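Understanding the architecture of this molecule
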Amino acid sequence: MSRVNPNYLQLKSYLFTGIAQKVAAHRNAHPDQKIISLGIGDVTHPFIPAVVSALHKAVDENASLAGFHGYGPSCGYPFLREAIAQEYARLGVTVSSDEIFVSDGAKSDVGNIQELFSPDAVIAVTNPTYTVYIDSNVMAGRAGEALPDGRFSSIVYLPCTRENGFVPDFPERATDLVYLCYPNNPTGTALTREQLAGWVDWAIRNRSIILFDAAYEAFITDKDVPHSIYEIEGAREVAIEFRSYSKTAGFTGLRCGCTVIPKELTAAGPDGAPVPLNPLWNRRQCTKYNGCPYIVQRAAEASHSPEGRRQIAEALSLYHGNAAGILAAAREIGLDAFGGINSPYVWLSTPPKMSSWAFFELLLEKCALICTPGVGFGSCGEGFVRISAFGTRENNLEAISRLKQI
Ligand code: MLT
């Protein structure tokens, strides 16, 4: 009999699937209730006009023999890779188009990137963290044993707590890889230039690689918060960066993102000699991925145009306004609230002595509001819930008024 990959048996249900099941049960029991989701970070703003017209145009192009596109390049069409390189140039950062790998979104890339590293690589993650970083390493057999508190024995956890302002300390021992997501999912906090420079310096000294998830960079408002890890000197030798159109250009359903692997970035081969990772990822993508659709890449390209950037800024200001409203309401009812300034997520403390899941249940039962229990992102998330500002303005206002009534 064929045998299953035993690593998969160590996995608990995916956080957002578990929540969706609880919400479905609630909806069945209360079919007339208007449930408002402040849970999964799914956008609600429709496509911006620049994206809509690029999509139409690309579809029409494909309706003709001359304009039809079949398989595209696995790593992205040159027009989009170039547009992304220009976006980096606007930050004062040099990234060449062949260091940019276009994909169907940052989630796949952050999940798949671990394939480039040895099966015994030691990884560090923040606690709480985006669960895909952990689950993908569990699937690969790199995480060790599941512990009773939900952690894994071989993973190094970096606590992010109220006390350290949700900024992790460096690992006590060198790890091969460290996943950092800033602005952070789930705490909504950001790293200053100096703090991020500290991480780059740590990675250089420890010959470690930072897997930097910049999916939320478009929400940065503080001047002192870098939009890319490559704004930090030395980062090209130690960091891979992931970017996403999901939260920025409303592509959660359309799917597009990219991964940047600078040519200088290496990891040790079996003989200890440095092996460049850029060609390896190229090799991996050519085998396992046929490329993001042409139509989608044209839409992504349009989001980088001057009108696209202006329209996106307008859309994001709506989410920023939502986050500000949630922050103010939470503080008014006496709950500590963090994040929400450089991020679409507000990290809310639960009422005294109430667990994350108990507060989730309370909000669902009493207010028909869905949030994400902080403990679902890791043990240090206990005592918090994550509130997403991605709702419509109307729903956000209604959610705030329901919140104020508890
Ligand atoms: C989240 O809510 O954490 C994100 O939307 C999940 C994702 O981006 O996959």
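So, here is what we can say about the structure in this document. Since the model is a prediction, treat every value here as computed from it, not as a measurement.

The local shell around the ligand consists of F16, I40, G41, K107, Y130, N185, Y216, K247, Y345 and R386. Interatomic distance of 2.9 Å between a side-chain N/O atom of N185 and an oxygen atom of the ligand. Class assignment of the residues belonging to the shell around the ligand gives a composition of five nonpolar, two polar and three charged.

Next up on the list: the packing of helix α2 (residues 49–62) against helix α9 (residues 294–302). Their axes nearest at 8 Å, the elements α2 and α9 cross at an angle of 145 degrees. Seen along the crossing, α2 lies across α9 with a hand that is right-handed. Residue-level inspection shows A50, V51, A54, L55, A58, V59, E61 and N62 of α2 in contact with α9, the latter providing Y294, I295, R298, A299 and A302. For the contact of α2 with α9, the residue count by class is ten nonpolar, one polar and two charged.

A separate point is the pairing of strand β8 (residues 257–260). Residue alternation in β8 divides its side chains into two sets, G257 and T259 and C258 and V260, and both sets are buried. Sheet analysis places strand β2 (residues 100–103) next to β8, joined by four bridges and oriented antiparallel. Along β8, the bridge assignment pairs S103 with G257.

Note that the residue after N127, namely P128, is joined by a cis bond; omega there is 10 degrees. As for its placement among the helices and strands, P128 is situated in the loop between β3 (123–127) and α5 (131–139). Following Y182, the chain continues into P183 via a peptide bond in cis, with omega recorded as -5 degrees. With respect to the helices and strands, P183 occurs in the loop between β5 (177–181) and α6 (193–206). Of note, the phi angle at R207 is positive, near 50 degrees, even though the residue is not glycine.

In space, the seven strands of this open sheet follow the order β2-β8-β7-β6-β5-β3-β4, with mixed pairing throughout. With one partner strand each, in any of the chains shown, β2 and β4 (156–159) form the two edges of the open sheet. Strand-to-strand twist in this sheet, taken as the mean axis angle between neighbours without regard to direction, amounts to 20 degrees. As judged from the four bridges shared by strand β7 (residues 239–244) and β8, these two strands associate in the antiparallel manner. Note that in β8 the partner of F242 across the bridge is T259. Where α6 meets the sheet, its contacts fall on β4, β5 and β6 (209–213), and the angle it forms with β6 comes to roughly 150 degrees.

The next subject is the sheet that holds strand β15 (residues 384–388). Spatially, four strands are ordered β11-β12-β15-β14 in an open sheet, and the strand pairing comes out antiparallel. Each edge of the sheet is formed by a strand with only one pairing partner; in this case those strands are β11 (337–339) and β14 (372–373). As paired strands, β11 and strand β12 (residues 345–349) are joined by three bridges and run antiparallel to one another. Bridging from a neighbouring strand, A337 pairs with L348 of β12.

For the rest of this paragraph, the subject is the pairing of β5. Burial analysis of β5 places five of its five residues in the buried class, the great majority of the element. Residues L177, Y179 and C181 point to one face of β5 and V178 and L180 to the other, with burial holding for every one of them. Of the strand pairs in this sheet, β5 and β6 are connected by five bridges, and their pairing is parallel. Looking at β6, one finds that L180 is bridged to F212. In the classification by handedness, the crossover that spans β5, the intervening α6 and the parallel β6 is right-handed.

Here we take up the state of the cysteines. If you walk through the whole model with that rule in mind, you get zero disulfides. C371 takes part in no disulfide bond, and the closest cysteine sulfur to it belongs to C367, at a distance of 9.9 Å. Counting only cysteine sulfurs, C160 is the nearest neighbor of C380, a cysteine outside any disulfide, at a range of 7.5 Å.

One can find T126 in strand β3. Within the structure, the side chain of T126 is placed 2.8 Å from the backbone oxygen of P128, a separation counted as a polar contact. Ignoring sequence-local partners within four residues, the contact set of T126 consists of L158, C160, P168, Y179, L180, Y182 and N184.

When you line up the elements, D120 lands in the loop between α4 (106–112) and β3. Residues D120 and G250 lie 130 residues apart in sequence; the distance between their C-alpha atoms is 37 Å. Within polar-contact distance, the side chain of D120 engages the side chain of S118 at 2.4 Å.

Another point: the pattern of salt bridges. Here the structure, examined in full by the defined rule, presents 18 salt bridges. The salt bridge partner of E398 is K34, with a shortest N-O separation of 3.2 Å. Here E398 is found in helix α12 (residues 393–404), whereas its partner K34 is found in the loop between α1 (15–29) and β1 (36–37), with 364 residues between them in sequence. The exposure class of K34 is partly exposed, given its relative accessible area of 37%. A salt bridge links E314 to R310, with the shortest nitrogen-to-oxygen separation between them at 3.8 Å. Residue E314 and its partner R310 are both found in helix α10 (residues 306–332); the two are separated by four residues, about one turn of the helix. On the accessibility criterion, E314 (52% relative accessible area) is exposed.

Attention shifts here to the packing of helix α3 (residues 78–90) against α9. Relative orientation of the contacting elements α3 and α9 amounts to 25 degrees, with a least axis distance of 9 Å. If you check the angle between α3 and α9, you find them roughly parallel. Between α3 and α9 lies a crossing of left-handed hand. Packed against α3, whose contacting residues are F79, L80 and A83, the element α9 presents Y294, Q297, R298, A300 and E301 at the interface. In the contact of α3 with α9, the residues fall into five nonpolar, one polar and two charged.

Analysis parameters
- Along every chain, residues carry numbers that run from 1 in the direction the sequence is written.
- Local features in this predicted model are restricted to residues whose pLDDT is 70 or higher, and side-chain atom pairs enter the listing and the counts only when it is 80 or higher, whereas totals over whole chains, interfaces and linings include all residues.
- Each side-chain value is worked out from all heavy atoms of the structure, with water and hydrogens disregarded.
- We call a residue near a molecule or strand as soon as one heavy atom of that residue lies within 4 Å of the molecule or strand.
- Polar contacts, as counted here, are pairs of nitrogen or oxygen atoms within 3.5 Å of one another; within protein the pair requires one atom able to donate a hydrogen and one able to accept it, and residues that are adjacent in sequence qualify only if both atoms are side-chain atoms.
- Each residue receives one of three labels: charged for Asp, Glu, Lys and Arg, nonpolar for Ala, Val, Leu, Ile, Met, Phe, Trp, Tyr, Cys and Pro, and polar for the others, Gly being one of them.
- Whenever a helix is involved, its axis is fitted only over the stretch in contact; in every case the axis is a line through C-alpha atoms, and angles between N-to-C directions fall within 0 to 180 degrees.
- Strands are runs of DSSP state E lasting at least 2 residues, helices are runs of H or I lasting at least 4, and numbering of each runs from the N terminus.
- Take the far helix as the reference: if the near one is turned anticlockwise from it by less than a right angle, the crossing is left-handed, and if turned clockwise, right-handed.
- Note on contacts: a residue pair is in contact if any heavy atoms of the two residues lie within 4.5 Å.
- Only protein chains enter the accessibility calculation, which uses a 1.4 Å probe; a residue is then buried when its area is under 20% of its type maximum, exposed when over 50%, and partly exposed in between.
- When DSSP finds two or more bridges between a pair of strands, those strands are recorded as paired.
- If you view a crossover with the strands going away from you and the path from the first strand over the helix to the second runs clockwise, you call it right-handed.
- In this description, the term disulfide denotes a pair of cysteine sulfurs within 2.5 Å.
- Any Lys or Arg side-chain nitrogen located within 4 Å of an Asp or Glu carboxyl oxygen qualifies as a salt bridge.
- Angle categories: roughly parallel below 35 degrees, roughly antiparallel above 145, roughly perpendicular from 65 to 115, and oblique for all the rest.

Geometric descriptors of this kind do not, in isolation, establish any biological role.
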